[in-house]
Amino acid sequence: MGKEALLFTVKRPDAVMVKGDGMYLWDTTGKQYLDFIGGWAVNALGHSPKVLSEAISDQAKTLLNASPAYYNQPMIDFATALTQYSCFDKVFFGSSGAEANEGAIKLARKYGAKFKQNAFEIITFEKSFHGRTLATMSATGKAQWKSLYEPKVPGFIHCPFNDLEAVKRAITPNTVAIMLEPVQGEGGVFSADPSFVQGLKNLCKEHQLLLIFDEVQTGFGRTGTLFCYEHYNVKPDIMTLGKGIGGGFPLSAMLCTKELDIFEPGDQGGTYMGQPLAMRVGLTVLNTILNEGVLDNVNRQHDLIVRLLTELQSVAPITNIRGKGLLIGFDIDGAQDIAAACFEKGLIINACSPTTIRIIPPLIVSDDDIHALFGILKPIITARTGL
Ligand SMILES: *Cc1c(COP(=O)(O)O)cnc(C)c1O
């Protein structure tokens, strides 16, 4: 009832969610769901964690919103912490991943205008996902979006992922940056090869290009290190964060080196950049990840999930188990039907394509939760496809 008031954008089941706690969600009928999507790789610390509700209520009572025109202390504290724990020197805050990526695209174009004879083209990748604003949709390499919302924002060249030769061929005097997700999340959990990333870094040096990592999904502990670039031994020039950075609160960030501190007044902004409530939340998420053994848990639970999936391969046609940390994918026919059957049984998992299941739980997932996942998943998979 009342659902007709919502503009249709996505097919949803009838359930209406009312409560969340840790790994669980509840709907209006009292049905409980074990949540291995975690708000779409967002609820890093689980549903309604006490540290966040306390930080939110404390900050809401003190200073909810100042104005983007003034400094506030949580903004300074959080930016300082992000520069301390990453290879970057400067931070711009926004509210969504797409907004952070828009900032990165603008910064690259600004750099091109200032230092590279107005170069503006950005090389991005097939199957990539960078958001839903017009520019980030244009950057995205989703085949289904090719003909949507024409004309697209110009200046994006899409190359096959992990194909260094294709990138070399795509570079022209107009190229200003290369932008990638170190692990493609929405596209099906595909990791960039270390040699590919190293090759991109070398191309960037050679041609004076910026390397942009979209870590909206891979950042903030998701892949077992605080940021995914740490796996690759390269320093990008720009990195974007979203999703897990706010643990469920709308928050994003774009980080860059001090050489890229080149915006002039009026070039970039936003009403909610550095909004104190969001800043308190982000700082709390960061401190919890760093001080509560969260990264160790991510790595341990990665190994457990991969081990149990590998065991499941002896009774079910599961292939290509892949991913880093708690961003794990595997292939199986009928993935969407399997995810729907799991939902009926009170388990939330994501089919990111008709043949791929993606597992992106909160980073605090326990051994028991994982055994519960397999307790529901295994009979559903073997009943459909048992060997
Ligand atoms: C989700 C996602 C985005 C978009 O973030 P929004 O908050 O939905 O705007 C961008 N890039 C990647 C890699 C993502 O996973």
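Coordinates for the structure precede this section.
Rules behind the numbers
Residues numbered from 1 in each chain as written. Predicted model: local features only at pLDDT ≥ 70, side-chain atom pairs only at ≥ 80, totals over all residues. Heavy atoms only, no water. Helix = DSSP H or I, 4+ residues; strand = E, 2+ residues; numbered from the N terminus. Buried < 20%, exposed > 50% of the residue type's maximum accessible area, 1.4 Å probe, protein only. Contact = heavy atoms within 4.5 Å. Near = heavy atom within 4 Å. Polar contact = N/O pair within 3.5 Å; in protein donor to acceptor, adjacent residues only side chain to side chain. Areas by Shrake-Rupley, 256 points an atom, 1.4 Å probe, with all protein chains shown as cover. Phe/Tyr/Trp six-rings, centres within 6.5 Å; stacked < 30°, edge-to-face > 60°. Lys NZ or Arg CZ within 6 Å of the ring centre and 35° of its normal. Core = buried A, V, L, I, M, F, W, Y, C linked by side-chain atoms within 4.5 Å. Pairing = 2+ DSSP bridges. Axes fitted to C-alpha atoms, helices over the stretch in contact; angles between N-to-C directions. Disulfide = S-S within 2.5 Å. Parallel < 35°, antiparallel > 145°, perpendicular 65-115°, else oblique. Left-handed = near helix turned anticlockwise from the far one by under 90°. Nonpolar A, V, L, I, M, F, W, Y, C, P; charged D, E, K, R; others polar.

Visitor: Would you mind going over the environment of Y70 in detail, with residue names and values included?
Guide: With respect to the helices and strands, Y70 occurs in the loop between α2 (50-62) and α3 (73-84). Judged by its relative accessible area of 56%, Y70 is exposed.

Visitor: So what's going on with the environment of M279? Residues and values would help.
Guide: Along the polypeptide, M279 turns up in helix α8 (residues 276-291). Among the residues examined, M279 registers a relative accessible area of 1% and is labelled buried. Linking M279 and V10, residues 269 residues apart in sequence, is a C-alpha distance of 30 Å. Aside from chain neighbours lying at most four places away, what touches M279 is N72, P74, M75, F78, F93, L251 and G274.

Visitor: Explain the site of the ligand to me, and be specific about the residues and the numbers.
Guide: Taken together, S96, G97, A98, N101, F129, H130, G131, E181, D214, V216, Q217 and K243 make up the full set of residues near the ligand. One of the backbone nitrogen or oxygen atoms of F129 is found 3.3 Å away from a nitrogen atom of the ligand. In isolation the ligand has 380 Å² of accessible area, and contact with the protein removes 82% of it. Of all the elements, helix α4 (residues 97-115) adds the most residues to the shell around the ligand, at 3 residues.

Visitor: Explain the packing of aromatic side chains residue by residue, including any values.
Guide: Scanning the entire structure with this criterion turns up 11 aromatic pairs. Members of the aromatic cluster, each reached through a chain of ring pairs, are F88, F220, F227 and Y229. The residue whose ring lies beneath K31 is F343, and the NZ or CZ to ring-centre distance is 5.6 Å.

Visitor: Account for the nonpolar core, naming residues and giving values.
Guide: F36, F78, F125, V167 and F220 are the most contacted members of the largest nonpolar core, which has 92 residues in total. Every residue in contact with F220, bar those within four places of it in the chain, is listed here: F78, L82, L226, F227, L241, G244, I245, G282, V285, L286, I289 and L363.

Visitor: I'd love a proper account of the side chain of T284, names of residues and values included.
Guide: Structurally, T284 can be placed in helix α8. Given the relative accessible area of 15%, T284 is considered buried. A distance of 2.7 Å separates the side chain of T284 from the backbone oxygen of R280, its partner in a polar contact. Every residue in contact with T284, bar those within four places of it in the chain, is listed here: V51, L52 and A55.

Visitor: Break down the pairing of strand β14 (residues 327-331) for me, with residues and values.
Guide: Among the 5 residues in β14, 5 count as buried, and that is most of the element. Burial along β14 is two-sided: the residues L327, G329 and D331 and I328 and F330 are all buried. Sheet analysis places strand β13 (residues 319-324) next to β14, joined by 4 bridges and oriented antiparallel. Bridge pairing in β14 links G323 to I328.

Visitor: Now, about the sheet that holds strand β16 (residues 350-353): what can you tell me, with residues and values included?
Guide: The strand order across the open sheet built from 4 strands is β13-β14-β17-β16, with neighbouring strands paired in antiparallel fashion. Across the chains shown, the open sheet's two edge strands, defined by having one partner strand only, are β13 and β16. On average, each strand axis in the sheet is tilted by 25 degrees relative to the strand beside it, whichever way the strands run. Bridge count for β14 against strand β17 (residues 356-359) is 4 bridges, and the pairing is antiparallel. Looking at the pairing, G329 lines up with R358 of β17. Along the sheet face, helix α10 (residues 335-344) touches β16 and β17 and points at about 165 degrees away from the line of β16.

Visitor: Describe the sheet that holds strand β4 (residues 90-94), and please don't skip the residues or the numbers.
Guide: In space, the 7 strands of this open sheet follow the order β4-β12-β11-β10-β7-β5-β6, with mixed pairing throughout. Because the sheet does not close on itself, it has two edges, and the strands there are β4 and β6 (156-159). For this sheet, the mean angle separating the axes of adjacent strands, direction not counted, is 20 degrees. The sheet contact formed by strand β5 (residues 121-125) and strand β7 (residues 175-180) spans 3 bridges and is parallel. Bridge pairing in β7 places I123 opposite I178. Across the sheet, α4 lies against β4, β5, β6, β7, β10 (210-214), β11 (238-241) and β12 (252-256), angled at about 25 degrees from β12, the strand it touches most.

Visitor: Requested: an account of the environment of P379, with residues and values cited.
Guide: With respect to the element layout, P379 can be found in helix α11 (residues 367-385). On the basis of relative accessible area, P379 is assigned to the partly exposed category, the value being 45%. Sequence separation between P379 and Q275 is 104 residues; the distance between their C-alpha atoms is 46 Å.

Visitor: Break down the state of the cysteines for me, with residues and values.
Guide: Across all of its chains, the model carries 0 disulfides by this definition. C87 carries a free sulfur, and the closest cysteine sulfur to it, the one in C256, is 11 Å from it. A relative accessible area of 22% means that C87 is categorised as partly exposed.

Visitor: Give a description of the packing of helix α9 (residues 294-312) against α11 that names residues and reports values.
Guide: Following both chains from N to C, one finds α9 and α11 inclined at 20 degrees, their axes separated by 11 Å at the closest point. Regarding the angle of α9 to α11, the classification is roughly parallel. In this structure, α9 meets α11 at a crossing whose hand is right-handed. In contact with R300, Q301, L304, I305, L308, L309 and L312 of α9, α11 contributes D367, I370, H371, F374, K378 and I381.

Visitor: How would you explain the packing of α2 against α8 if you had to name every residue and give the values?
Guide: It is the contact of α2 with α8, at a shortest axis distance of 9 Å, that shows an interaxial angle of 150 degrees. Between α2 and α8, the angle falls in the class roughly antiparallel. The chirality of how α2 crosses α8 is right-handed. For the pair α2 and α8, the contacting residues are V51, L52, A55, I56, D58, Q59 and A60 in the first and P276, L277, R280, V281, T284, V285 and T288 in the second. Of the residues assigned to the contact of α2 with α8, the class counts are 9 nonpolar, 3 polar and 2 charged.

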